[in-house]
Amino acid sequence: MRIVTLEEHISFPEMTKLIPEKVLGNFGQSPVMQRIAPKLADVTDERLASINANGISMQILSVDGFGANLLNAEDGPAFATRYNNLIAEKIINYRERFTVFAHLPMTAPLAAADELERTVKEYGFRGAMIRGLTDGQFLDHPKFAPVFERAEKLDVPVYIHPGLPPKTVADAYYSNVGGNPGMMESIACYGWGWHSETAIHVLRLFVAGIFDMYPQLKIIIGHMGEMLPMMMVRSDRAFTPGNGGANQRTLTDTFHQQLFITTSGFFTQPPLKLAIDTFGIDNIMFSVDYPFSTNEMGIDFLHNIDLPIEQIEQIAHGNADKLLRLT
């Protein structure tokens, strides 16, 4: 069976070292990140061997957190262009196994839109991945309109991935836990905060009317829907058209038409069932979240899905092939 995975990360040290230390701060210094750094830096050695061993047909690569999002509007565009060029160079002989979500300089939205168009047209990249907030601002801010306009025009999706919480949020919600100073990473990021923040991000786009402004725009989120499937019915009631938001359609209709979710990092059956019951089988795509999760974990989960084979094939590759025009 053909298998496509969409949220699979890279981070090249030759690019990270170009980010000033005062900007980079403690990013990447945790023991977990230090241990996993060699896997993030690799494309065609251990990574390729792993997807071969696990029967994965194609990985869609995206830059992990250290990049143009940390740079100002003057420095970000050149950095993003250099990063995308480097990725394209590394996969040039493996186009049947790897493709890419572009790395964008979101602190310069017009330049980000131009870079998205360049990478799609020049390299065949399949869209873009944007990581969380930019300078503390959500994507519903009007300044980011050029990116959505260009993505819709190019007919490529935008993947919204969690990012680090703003300092004010980290201080208020995720710090001084049990009297321990500093931010507790597990609550702030991969244990809870990342996912709730991405859900808020999507709900803000919806209530701000962004989906209606760009009715052909497609948004992808990971981690089995970032808590949204559980809240779908309640949120649908809360955000009915005319109830204070700019949205012209119901949340359920909008999400079914324009929002897609991946399984990245979630490998148990109950969340998948809930996602299918709320988003529908046509809106779910398989992902691993490599190297933060292993391909073995993801493939074992995929092979244990209790659905008709045609629906498993939709999740494994069919929906991604259609959305990203991979075949």
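A brief look at the structure comes next.

Criteria and cut-off values
- Residues numbered from 1 in each chain as written.
- Predicted model: local features only at pLDDT ≥ 70, side-chain atom pairs only at ≥ 80, totals over all residues.
- Heavy atoms only, no water.
- Helix = DSSP H or I, 4+ residues; strand = E, 2+ residues; numbered from the N terminus.
- Contact = heavy atoms within 4.5 Å.
- Pairing = 2+ DSSP bridges.
- Axes fitted to C-alpha atoms, helices over the stretch in contact; angles between N-to-C directions.
- Core = buried A, V, L, I, M, F, W, Y, C linked by side-chain atoms within 4.5 Å.
- Buried < 20%, exposed > 50% of the residue type's maximum accessible area, 1.4 Å probe, protein only.
- 1 Å grid on protein atoms, 1.4 Å probe; cavity = no way out; pocket = protein on both sides within 12 Å on 5 of 7 lines; lining within 4 Å.
- Points joined across faces, edges and corners; volume = space filled by probe spheres on them.
- Nonpolar A, V, L, I, M, F, W, Y, C, P; charged D, E, K, R; others polar.

## Topic: the side chain of H317
Residue placement: H317 occurs in helix α16 (residues 309–324). Setting aside its immediate chain neighbours within four residues, H317 contacts M1, R2, I3 and V4.

## Structural notes on the sheet that holds strand β3 (residues 98–100)
The strand order β1-β2-β3 describes an open sheet built from three strands, whose pairing is parallel. Each of the sheet's edge strands pairs with one partner strand only, and the pair in question is β1 (4–10) and β3. Strand after strand, the sheet turns through a mean of 35 degrees between neighbouring axes, direction not considered. Here β1 pairs with strand β2 (residues 58–63) via five bridges, running parallel. Within β2, the position partnered with I10 by the bridge is V63.

## Side note on the nonpolar core
Counting 82 residues, the largest nonpolar core has I219, L228 and F255 as the members making the most contacts within it. Ranked by residue count, the leading element in this core is helix α5 (residues 76–90), at six residues. Beyond its immediate chain neighbours, meaning those up to four positions away, F255 contacts V202, L203, F206, F211, L228, M232, F279 and N283.

## Here's the deal with empty space enclosed by the protein
Summed over the entire model, instances satisfying the criterion amount to one cavity of 30 Å³ or more. Each pocket or cavity is described by its volume, and for the largest cavity that value is around 120 Å³. Lining the largest cavity are V63, N69, F101, A102, H103, L104, M106, M129, I130, R131, L133 and T134. Put simply, the parts of the chain that give the lining of the largest cavity at least two residues each are β4 (102–103) and β5 (128–131). Tallying contributions element by element places β5 first for the lining of the largest cavity, with three residues. Taken together, the residues of the lining of the largest cavity sort by class into eight nonpolar, three polar and one charged.

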